[in-house]
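The chain contents come next:
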Amino acid sequence: MHKLLRQGLVLQLLALLFGALSLPVQARVISDLYEVVETVPSRGATDRAAAGSRGLERVFVRVTGDAAIGSNPNLQSLLPKAQQLVQGYRYTSENNQLYLHLSFDPQAVSRQVHQLGLPMWPNNRPGTLVWLAVDTLQDGRSVLREEDAPELFSVLDAMAIERGVPLDFPVMDLNDQRNMPLGSLWAQDEAAAERAGFRYRPDATLMGRLLQASGRRWQADWLLLHGGRSYAFDSNGGSLEEVALRGVNQMANLLAQRYAVRPEGQDAESGAVIVELSGVGSFADYTEALAYLQGLAQVSSAQLLSVESDRARLALVTSVGMRNLRDALALNHKLRAQGHGDPIDLSGNRAPLGSADNPLRYRWD
């Protein structure tokens, strides 16, 4: 299993090494949310059923964004029936250990999420660039690089798979060292993060400073930068790996809270939101933009209202709040938010954002 996880990490590292100057860290469609690998003692039906239950719980963590979803009573009754949702399976063996590869049916899982009234985190997820610094009792402070701590980066990669969050790490060449010196990283300098992240263009940036407080006690301070906001939190653990894993886990929780679509009636706002798209200069542009909007999990339908020159107005029917909708739209780098006015009509009232008089304005690049 360790080898399987490392293969993905090696591919990621090669991509960074050979494409770091041009490859942006952007929102990605996660294609393997419904696939898990479980260790099993045998190929027997009983062991396969038990592995299926464990695997289905892991899938629900990924698709709902809720790390504690396994304790949900409704899900507990579904887990023993996990094999009904399995789309396919196969066995592999490595170092005398048997592994069961399970693939769950995405549509069947989605139906169960809906029927159970659980949140659904769409598979288009923000790519996060992670900067790490460590302060140990023996060596003091330093920037953490993969070649110096391969086991740490391996477990972080495993956590990224478990939570369905794409993580990337800076290559830490001379460019990165100049733009993000140790002092700036330890101070969690937001200006330095923006400067150093320019070459990667991440959707989110996570900066962590991990401190060894004693031989068996570690603590860490984290700062997540995303969508013009910052989120500070901390974590504790008995090892460097544990404290780092807890930090990434909390980061995933924060992103899920922002992007997961919750069933109607759970703090949701229903209604049509008017969006004005400029830069729609051809039918191909229009069909591409409309297909994207209609494909958003946050949008029930997208209807064209009018077209004038290169501007199109659409009505989006959504069951999420305005902030959640704008967060979702921001994940597509072809959509560039334009300045939103706050017009006042003749009666002195301000037109609400997303209304016909004050639409959400984006440019389709």
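Because the structure is a prediction, the values reported are computed rather than measured.

Draft legend 1. Layout of the overall build of the protein chain. Of the regular secondary structure elements, the protein chain holds 11 helices and 16 strands. Within the protein chain, the fraction of its 365 residues that count as buried is 47%. In the protein chain, once contacts between residues fewer than 6 apart in sequence are set aside, the share between residues at least 24 apart is 66%. Roughly 17,900 Å² of accessible area belongs to the protein chain as shown, and the carbon and sulfur atoms make up 50% of that amount.

Draft legend 2. A look at the sheet that holds strand S3 (residues 86–94). Taken together, the three strands give an open sheet; going across it, the order is S2-S4-S3, and neighbouring strands pair in antiparallel fashion. A strand with exactly one partner marks an edge of an open sheet, and here the two such strands are strand S2 (35–40) and S3. For this sheet, the mean inter-axis angle between neighbouring strands, taken without regard to orientation, is 25°. Relative to strand S4 (residues 97–104), S3 runs antiparallel, the two being bridged by eight bridges. When the sheet's bridge partners are listed, Thr 92 is paired in S4 with Tyr 99. Against the sheet, helix H2 (residues 45–64) touches S2, S3 and S4, its axis set at about 145° to S2.

Draft legend 3. Here's a closer look at the packing of H2 against helix H5 (residues 150–163). It is the contact of H2 with H5, at a shortest axis distance of 7 Å, that shows an interaxial angle of 85°. Compared by their axis directions, H2 and H5 come out roughly perpendicular. Residues Arg 58, Val 61 and Arg 62 of H2 form the contact with H5, whose own contacting residues are Ile 161, Glu 162 and Arg 163. The residue inventory of the contact of H2 with H5, partitioned by class, reads two nonpolar, no polar and four charged.

Draft legend 4. Looking closely at the confidence of the model for the protein chain. On average, residues of the protein chain score 85 in pLDDT, and 87% of them reach the 70 mark or higher. Throughout residues 1–25 the model reports pLDDT below 50, and contacts reaching past four residues in sequence, or to other chains, amount to 47 contacts. Across residues 265–270, confidence stays below pLDDT 50; counting only partners more than four residues off in sequence or on other chains, it has 11 contacts.

Draft legend 5. Here's a closer look at the pattern of salt bridges. Applying the stated criterion to the full structure yields 19 salt bridges. Ionic pairing is found between Arg 58 and Glu 162, a salt bridge with its closest N-O pair at 2.6 Å. Taken together, the residues span a long stretch of sequence, with Arg 58 in helix H2 and Glu 162 in helix H5 at a distance of 104 residues. A relative accessible area of 25% places Glu 162 in the partly exposed class. The residue Glu 276 makes a salt bridge to Arg 313 at a minimum N-O spacing of 3.1 Å. Remark: Arg 313 occurs in strand S14 (residues 311–318) and Glu 276 occurs in strand S12 (residues 271–278); sequence separation between them is 37 residues. Within the structure, one salt-bridge network assembled from shared partners comprises Glu 38, Arg 54, Arg 58, Arg 62 and Glu 162.

Draft legend 6. Molecular detail of the side chain of Gln 212. Among the structural elements, Gln 212 can be located in strand S9 (residues 204–214). Look at Gln 212 and you get buried, because its relative accessible area is 16%. Side-chain polar atoms of Gln 212 contact the backbone nitrogen of Leu 137, separated by 2.9 Å. Leaving out residues up to four positions away in the same chain, Gln 212 has contacts with Asp 135, Thr 136, Leu 137, Arg 217 and Trp 218.

Quick notes on the rules
Residues numbered from 1 in each chain as written. Predicted model: local features only at pLDDT ≥ 70, side-chain atom pairs only at ≥ 80, totals over all residues. Heavy atoms only, no water. Helix = DSSP H or I, 4+ residues; strand = E, 2+ residues; numbered from the N terminus. Buried < 20%, exposed > 50% of the residue type's maximum accessible area, 1.4 Å probe, protein only. Contact = heavy atoms within 4.5 Å. Areas by Shrake-Rupley, 256 points an atom, 1.4 Å probe, with all protein chains shown as cover. Pairing = 2+ DSSP bridges. Axes fitted to C-alpha atoms, helices over the stretch in contact; angles between N-to-C directions. Parallel < 35°, antiparallel > 145°, perpendicular 65-115°, else oblique. Nonpolar A, V, L, I, M, F, W, Y, C, P; charged D, E, K, R; others polar. pLDDT = per-residue confidence, 0-100. Salt bridge = Lys/Arg side-chain N within 4 Å of Asp/Glu carboxyl O. Polar contact = N/O pair within 3.5 Å; in protein donor to acceptor, adjacent residues only side chain to side chain.

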